[in-house]
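So the chains spell out like this:
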Amino acid sequence: QVQLVESGGGLVQVGGSLRLSCAASGITLSTNGVAWYRQAPDKQREWVATVASGGATNYADFANPRFHIWRDNDDNTVYLQMTSLQPQDTAVYYCNTFYRNRAYWGQGTQVTVSS
């Protein structure tokens, strides 16, 4: 059974940093692309960043260059380092992957940036 578990969210002041983790079980992340998404209150879920199976990365315009995504194959975990956080970054952050033509999502981790 494939499971993704996000962690690392919390309350941070403007300009602060957070590192989010997406730990996987039932799947080897090094063979799959993994993406981070976020959803703010009353807004649609939006894409943040992706790390492909080969290691290539892509970022939404708002995330570049403040955010950095990478994968640790030993831990089977994908990380999202977020810096220079702003109130508009407040959202629930989710990780996502596809496996055997099915999308998997974690439960999300809340990030709140206070001004």
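What comes next concerns the included structure. Not measured: the values here are computed from a predicted model.

As for the overall build of the protein chain
Stage number 1. Scanning the protein chain from N- to C-terminus turns up zero helices and 11 strands.
Stage number 2. Counting from the amino terminus, the protein chain carries its helices and strands in the arrangement β-β-β-β-β-β-β-β-β-β-β.
Stage number 3. Its C-alpha atoms give the protein chain a radius of gyration of 13 Å, near enough to 13 Å, the size a compact globule of 115 residues would have.
Stage number 4. Expressed as a percentage of contacts within the protein chain between residues at least 6 apart in sequence, the contacts between residues at least 24 apart total 52%.
Stage number 5. Here the protein chain displays about 6,200 Å² of accessible surface, and carbon together with sulfur accounts for 44% of that area.
Stage number 6. Between the averaged position of the 8 positive side-chain charges in the protein chain and that of its 8 negative side-chain charges there is a distance of 5 Å.

Details of the sheet that holds strand β7 (residues 67–72)
Sheets are built from strands paired through backbone hydrogen bonds, the pairs being either parallel or antiparallel.
Stage number 1. Spatial ordering of the open sheet is given by β1-β3-β8-β7, a layout of four strands whose pairing is antiparallel. Because the sheet does not close on itself, it has two edges, and the strands there are β1 (3–7) and β7. Neighbouring strand axes in the sheet, compared pairwise and without regard to direction, differ in orientation by 15° on average.

Remarks on unusual backbone geometry
Stage number 1. At the junction of Asn64 and Pro65, the peptide bond is cis and its omega measures out at 10° in the coordinates.
Stage number 2. By secondary structure assignment, the location of Pro65 is in the loop between β6 (57–59) and β7.
Stage number 3. Despite not being glycine, Ser84 shows a phi value in the positive range, around 50°.
Stage number 4. One can find Ser84 in the loop between β8 (77–82) and β9 (91–99).
Stage number 5. Although it is not a glycine, Asn101 adopts a positive phi angle of roughly 65°.
Stage number 6. Looking at the element boundaries, Asn101 is found in the loop between β9 and β10 (102–105).
Stage number 7. For Asn101, a relative accessible area of 82% translates into the label exposed.

Some details on the environment of Thr50
Stage number 1. On the secondary structure map, Thr50 appears in strand β5 (residues 46–51).
Stage number 2. Spatially, the C-alpha atom of Thr50 lies 9.7 Å from that of His68, the residues being 18 residues apart in sequence.
Stage number 3. The contacts of Thr50, once residues within four sequence positions are left out, are Val34, Ala35, Ala56, Thr57, Asn58 and Ile69.
Stage number 4. A polar contact of 2.6 Å, which involves the side chain of Thr50, links it to the side chain of Trp47.

Brief notes about the packing of aromatic side chains
Stage number 1. Enumeration over the complete set of coordinates arrives at four aromatic pairs.
Stage number 2. With 6.4 Å between their ring centres and 85° between their planes, Tyr94 and Trp105 make a pair best called edge-to-face. Taken together, the positions of Tyr94 in strand β9 and Trp105 in strand β10 put the pair 11 residues apart, joining distant regions of the chain.
Stage number 3. Take Trp105: its relative accessible area is 36%, and that puts it in the partly exposed class.
Stage number 4. Feature note: the residues Tyr37, Tyr94 and Trp105 constitute an aromatic cluster, connected by ring pairs.
Stage number 5. It is Arg45 that lies over the ring of Trp105; its NZ or CZ is 4.6 Å from the centre.

Rules used in this analysis
- Residues numbered from 1 in each chain as written.
- Predicted model: local features only at pLDDT ≥ 70, side-chain atom pairs only at ≥ 80, totals over all residues.
- Heavy atoms only, no water.
- Helix = DSSP H or I, 4+ residues; strand = E, 2+ residues; numbered from the N terminus.
- Rg over C-alpha atoms; globule rule 2.2 N^0.38 Å.
- Contact = heavy atoms within 4.5 Å.
- Areas by Shrake-Rupley, 256 points an atom, 1.4 Å probe, with all protein chains shown as cover.
- Lys, Arg positive; Asp, Glu negative; His and termini not counted.
- Charge placed at Lys NZ, Arg CZ, Asp CG, Glu CD.
- Pairing = 2+ DSSP bridges.
- Axes fitted to C-alpha atoms, helices over the stretch in contact; angles between N-to-C directions.
- Buried < 20%, exposed > 50% of the residue type's maximum accessible area, 1.4 Å probe, protein only.
- Polar contact = N/O pair within 3.5 Å; in protein donor to acceptor, adjacent residues only side chain to side chain.
- Phe/Tyr/Trp six-rings, centres within 6.5 Å; stacked < 30°, edge-to-face > 60°.
- Lys NZ or Arg CZ within 6 Å of the ring centre and 35° of its normal.

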